[in-house]
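Take a look at the letters that make up each chain.
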Amino acid sequence: MKQRTCVLIKPDGIEKNLVGTVLNRFEKEGFHLIGLKLVPPSRPLLESFYAEHAGKPFYPGLLEFMLSGCFIASVWEGEDVVGKVRKIVGATNSKEAEENTLRKLYGTDNRRNLVHASDSPNSSAREIATLFNISELKSKENDSNGQS
Ligand code: CMP
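Residues numbered from 1 in each chain as written. Predicted model: local features only at pLDDT ≥ 70, side-chain atom pairs only at ≥ 80, totals over all residues. Heavy atoms only, no water.

**Student:** I'd like to hear about the pattern of salt bridges, residue by residue, with values.
**Tutor:** Working definition: two side chains of opposite charge can pair if their charged atoms are close together. Taken as a whole and assessed by the stated rule, the structure comprises seven salt bridges. Notably, a salt bridge pairs E136 with K37, separated by 3.0 Å at the nearest N-O pair. Of this pair, E136 sits in the segment after α7 (121-131) while K37 sits in strand β2 (residues 32-39), placing them 99 residues apart in sequence. For E136, a relative accessible area of 35% puts it in the partly exposed group. Look at K37 and you get partly exposed, because its relative accessible area is 23%. Where K138 meets D143, a salt bridge forms, and the shortest distance between an N and an O atom there is 3.8 Å. Per residue, the accessibility class of K138 equals that of D143, and both read buried. (Salt bridge = Lys/Arg side-chain N within 4 Å of Asp/Glu carboxyl O. Helix = DSSP H or I, 4+ residues; strand = E, 2+ residues; numbered from the N terminus. Buried < 20%, exposed > 50% of the residue type's maximum accessible area, 1.4 Å probe, protein only.)

**Student:** So what's going on with the site of the ligand? Residues and values would help.
**Tutor:** K10, Y50, H53, F58, L62, T92, R103, N110, R111, N113 and H116 make up every residue found near the ligand. Take N110: an N or O atom from its main chain is 2.9 Å from an oxygen atom of the ligand. Between H116 and the ligand, the recorded distance is 2.9 Å, taken from a side-chain N or O atom to an oxygen atom. With the chains in place, 80% of the 460 Å² that the ligand exposes on its own is no longer accessible. A breakdown of the residues in the shell around the ligand according to their chemical character gives three nonpolar, five polar and three charged. (Near = heavy atom within 4 Å. Polar contact = N/O pair within 3.5 Å; in protein donor to acceptor, adjacent residues only side chain to side chain. Areas by Shrake-Rupley, 256 points an atom, 1.4 Å probe, with all protein chains shown as cover. Nonpolar A, V, L, I, M, F, W, Y, C, P; charged D, E, K, R; others polar.)

**Student:** How would you sum up the side chain of S118? Please name residues and give values.
**Tutor:** Following the sequence through the fold, S118 ends up in the loop between β4 (115-117) and α7. A distance of 3.0 Å separates the side chain of S118 from the backbone nitrogen of C6, its partner in a polar contact. Of note is the side chain of S118, whose polar atom sits 2.7 Å from the side chain of E127. Excluding residues within four positions of it along the chain, S118 makes contact with T5, C6, V82, R86, S123, S124 and E127. (Contact = heavy atoms within 4.5 Å.)

**Student:** Would you mind going over the packing of aromatic side chains in detail, with residue names and values included?
**Tutor:** For the coordinates displayed, the defined rule picks out two aromatic pairs. Note on F49 and Y50: the rings are 5.0 Å apart at their centroids and 85 degrees apart in plane angle, and the pair reads as edge-to-face. For the pair F49 and Y50, a shared accessibility class is recorded, and that class is buried. A cation over an aromatic ring shows up here: K37 above the ring of F132, its NZ or CZ 4.7 Å from the ring centre. (Phe/Tyr/Trp six-rings, centres within 6.5 Å; stacked < 30°, edge-to-face > 60°. Lys NZ or Arg CZ within 6 Å of the ring centre and 35° of its normal.)

**Student:** Provide a residue-level description of the environment of T108, including the pertinent values.
**Tutor:** In this fold, T108 is placed in the loop between α6 (102-106) and β4. In this structure T108 comes out as partly exposed when scored by relative accessible area, which is 35%. Ignoring sequence-local partners within four residues, the contact set of T108 consists of K16, S94 and K95.

Following this line, the structure appears as structure tokens:
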């Protein structure tokens, strides 16, 4: 099924100069990039994005880390892209992530885990709406390639 997913490259990914590496991994899989931007840290925006985790023990640390620098927000389109991207990203804790996943290769731990990827089509719709205006996403109407 054709889906969309939202991928963040967290402040540690930018700090380690891994933005191109992460984007390239998804491009090589054949997924289509339909939205991309650098987002400056904003508490209200991150509180909205991570609302489902409010009250959990790791939430204050998660926000503090995400507020430590800019992050990259991206939207990818493709067949079953939500699950496929989650596989490439790996388990939440970089130390426990599967071999060759982005988090295993480049992440540090639970918090400094390089990337976020939507866990379901419902989450991706909410996350994309939180971070992007429709006009910022590639579509048949605004792209003469007409790929999406
Ligand atoms: P992410 O995919 O961005 O979604 C929520 C984030 O919370 C997750 O990646 C982790 O960075 C963080 N997180 C989840 N569980 C823990 C945990 N047990 N300890 C610290 N951070 C966590």
